[in-house]
Amino acid sequence: MVLQADDLWKTYGDRSVVRGVSFSLAAGEVLGFLGANGAGKTTTVGMLYGAVIPSRGQVTVDGFNVRSQGRRARQIMGVVTQEDNLDPDFSVFDNLRYFASFYGITGRAAQQRASELLEQVGLGDYARHRVDQLSGGLKRRLVLARALINRPRLVFLDEPTTGLDPDARQDFWRLVTQLKQAGCGVLLTTHYMDEAQRLCDRLLLLQKGQVINSGTPLDLIHSTIGEEVIEVDGMQEEQLQPLLTQFQTWGRLVGVHYLIAVPPKRGDELWEYLSDRHPAGLSRRRANLEDVFLRLTGHSLDEN
Ligand SMILES: Nc1ncnc2c1ncn2[C@@H]1O[C@H](COP(=O)(O)OP(=O)(O)OP(=O)(O)O)[C@@H](O)[C@H]1O
């Protein structure tokens, strides 16, 4: 295992914001942390790469203890934090060259590595630009390039695509897939369910500092919701519970419509039942991770 977390806790004052998180991550695996704002994702990730000291528990990276063998552990990892923390006065190229020196990569080797990475993240044309001239999306690419300077075997990506446009997000996804194919372990936190579903081999769902569920995206969807859901407009609140009881399923109001999990083998029956009563406002679709999140946590990710 490239990463192993055992019983991690973080307490501030009398409040435990991470409570007993344990998991492992294999080489070539992409593991996603999902959770609402304040669920404890960033604090947990901080403990994993050594920026936050755990109140209890331990982390090992490729067998090295992140606290007692921090230097060795850090040689193996790359970190993309939520903040860019790039040096605004340096050029794109020099940001990378300077960072390389922290890993003992200097001279021609540093130049070569910087050029290689700039091509890899699509910043080849920007090498001489100052960082403060870059758009937000280009800065995120540079932060990723910087995190890869030491050819890490484990990469932490804390909300790496927040604020990126759809094209830039797709580019980012391609890069993560390349890292995975190269055997790198990737730990990703995200608020985007499509990103989690597409990129992650496995997900941990965090709520109030605890892992409340885990599995592959499809396992989570199938075990929590099923294959499909029906969305209904124009239903009355008091109609919901009798319907759920009759069809032995789960559903709830989401914004302006009701979401109902289609029970196995009774999808057509449920559809006909609803068509008779709400013919104008019905649609049926595949269940997704948003639905899982809603059911397990009681609220949607953007309801915070
Ligand atoms: N240094 C600190 N002192 C006190 N409380 C903190 C500190 N750092 C984080 N917290 C609290 O810990 C909780 C978890 O925060 P954390 O940033 O880990 O959540 P998150 O899941 O990453 O949220 P987001 O999605 O908003 O980034 C929050 O309630 C936060 O206020």
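Residues take numbers from 1 onward in each chain, read along the sequence in its written order. The model is predicted, so local features are restricted to residues of pLDDT at least 70 and side-chain atom pairs to those at 80 or more, both for listing and for counting; the totals for chains, interfaces and linings are taken over all residues.

- Under the annotation held in an unreviewed UniProt entry, the chain carries the name ABC transporter ATP-binding protein and is attributed to Spirulina subsalsa FACHB-351.
- UniProt positions are given in the numbering used here, feature names are shortened, and annotations may be inferred rather than shown by experiment. Database annotation for the chain, UniProt heading Sequence similarities (unreviewed entry): "Belongs to the ABC transporter superfamily."

Brief notes about the packing of helix H8 (residues 217-224) against helix H11 (residues 289-297)
Link 1 in the chain: At a minimum axis separation of 9 Å, H8 and H11 run at an interaxial angle of 55°. It follows from the interaxial angle that H8 and H11 lie oblique. The interaxial crossing formed by H8 with H11 has left-handed handedness. Residues Pro217, Leu220, Ile221 and Thr224 of H8 touch H11, and the partners they reach there are Leu289, Val292, Arg295 and Leu296.
Link 2 in the chain: Each residue gets one label: Ala, Val, Leu, Ile, Met, Phe, Trp, Tyr, Cys and Pro are nonpolar, Asp, Glu, Lys and Arg are charged, and the others, such as Gly, are polar. Residue composition of the contact of H8 with H11, by class: six nonpolar, one polar and one charged. Note on geometry: axes are lines fitted to C-alpha atoms, helical ones only across the stretch in contact, with angles between N-to-C directions running from 0 to 180 degrees. Numbering of helices and strands runs from the N terminus, with a helix taken as a DSSP run of H or I at least four residues long and a strand as a DSSP run of E at least two residues long. We call two directions roughly parallel when the angle between them is under 35 degrees, roughly antiparallel when it is over 145, roughly perpendicular when it lies between 65 and 115, and oblique otherwise. Here is the rule for handedness: rotate from the far helix to the near one, and if that takes an anticlockwise turn smaller than a right angle the crossing is left-handed, while a clockwise turn gives right-handed. What counts as a contact here is a pair of residues whose C-beta atoms, placed from the backbone, lie within 7 Å.

What to know about the site of the ligand
Link 1 in the chain: We call a residue near a molecule or strand when the C-beta position, derived from backbone atoms, sits within 6 Å of it. Within the structure, the ligand sits among Tyr12, Val17, Gly35, Asn37, Gly38, Ala39, Gly40, Lys41, Thr42 and Thr43.
Link 2 in the chain: For the shell around the ligand, the element with the highest residue contribution is helix H1 (residues 41-49), accounting for three residues.
Link 3 in the chain: Within the shell around the ligand, the residues separate by chemical class into three nonpolar, six polar and one charged.

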